[in-house]
Amino acid sequence: MDKNLFLIELSESERTDFGKVDFAAQSVAQKTFSAIWELESQVNGGGFAEFFRSAETETIMYAAEALRRIGANSCAEIVDSAIALVSPIPADEEARIEAIDAALEADEELFEELDNQFFEYPDNLTELLFEYVSQHPDEFGEVPS
């Protein structure tokens, strides 16, 4: 089974709340999936700066916890380091983007270094997220063998 393809199909299905239900209204399992899916998608598309610009503040602040829930502790540390560059992250989108731009201007090399650390995937996020989903059939449905 192609676990990455399974997760992509899951993210687009009705079995996840990702992109369909307000983050605050999601269960812990759904928040965990949504935060990791958003994080990985945005960071791979444009680094942590893109993640901070595109995701809601609540999702950003939950991302490291979500990674820890699936056992991706090394990636969680990278996310914590990136968040520390912008903290406190404003809830207001315009203020958040201004804070990100200021942090990027001050520490662009450090942002790049953290992006590169994330891209090295010190934790196998596909494997860990697949295992997490498998352990929550009540939330995501049965995973085919």
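Within each chain, residue numbers correspond to sequence positions counted from 1 in written order. Thresholds applied to this predicted model are a pLDDT of at least 70 for local features of residues and 80 or more for the giving and counting of side-chain atom pairs; totals over whole chains, interfaces and linings are not thresholded and use all residues. Hydrogens and water molecules were not included; the side-chain quantities draw on all heavy atoms of the structure.

Asks: Got a minute to help me understand the pattern of salt bridges in this structure?
Replies: Pairs can form between side chains of opposite charge whenever their charged atoms are close. A pairing counts as a salt bridge when a side-chain nitrogen of Lys or Arg comes within 4 Å of a carboxyl oxygen of Asp or Glu. Throughout the structure, instances matching the rule amount to five salt bridges. Where Lys3 meets Glu127, a salt bridge forms, and the shortest distance between an N and an O atom there is 2.5 Å. In this pair, Lys3 sits in helix α1 (residues 3-11) while Glu127 sits in helix α6 (residues 125-134), placing the two residues 124 residues apart along the sequence. Glu127 gets classed as partly exposed once you look at its relative accessible area, which sits at 36%. A salt bridge links Glu58 to Lys31; the nearest nitrogen and oxygen atoms lie 3.8 Å apart. Separated by 27 residues along the polypeptide, Glu58 in helix α3 (residues 57-70) and Lys31 in helix α2 (residues 28-54) bring together distant segments of the chain. A 1.4 Å probe rolled over the protein chains alone gives each residue an accessible area, and that area as a share of the maximum for its type sets the label: buried under 20%, exposed over 50%, partly exposed in between. With a relative accessible area of 36%, Glu58 lands in the partly exposed category. Only DSSP runs of H or I reaching four residues or more are called helices, and only runs of E reaching two or more are called strands; each is numbered from the N terminus.

Asks: Please clarify how the confidence of the model for the protein should be interpreted in this entry.
Replies: Note: predicted coordinates in regions of low pLDDT should not be interpreted at a detailed level. Note on scores: pLDDT gives the predictor's confidence for each residue, bounded by 0 and 100. Confidence in the prediction for the protein averages 94 pLDDT; 100% of positions are at 70 or higher. Element-level mean pLDDT values for the protein span from 91 in helix α5 (residues 93-119) up to 97 in α6.

Asks: What am I meant to see in the nonpolar core here?
Replies: Nonpolar side chains in soluble globular proteins tend to end up buried together. Residues Leu7, Phe48, Phe51, Phe52 and Leu67 are the most contacted members of the largest nonpolar core, which totals 46 residues. Secondary-structure elements contributing two or more residues to this core are α1, α2, α3, α4 (73-86), α5 and α6. When residues in this core are grouped by element, the largest group, 11 residues, is from α2. Pairs of residues are marked as contacts when any of their non-hydrogen atoms sit within 4.5 Å. Among residues more than four places away in sequence, those in contact with Leu67 are Ile36, Leu39, Ala72, Cys75, Ala76, Val79 and Leu125. By nonpolar core is meant a set of buried Ala, Val, Leu, Ile, Met, Phe, Trp, Tyr and Cys residues that side-chain atoms within 4.5 Å join together.

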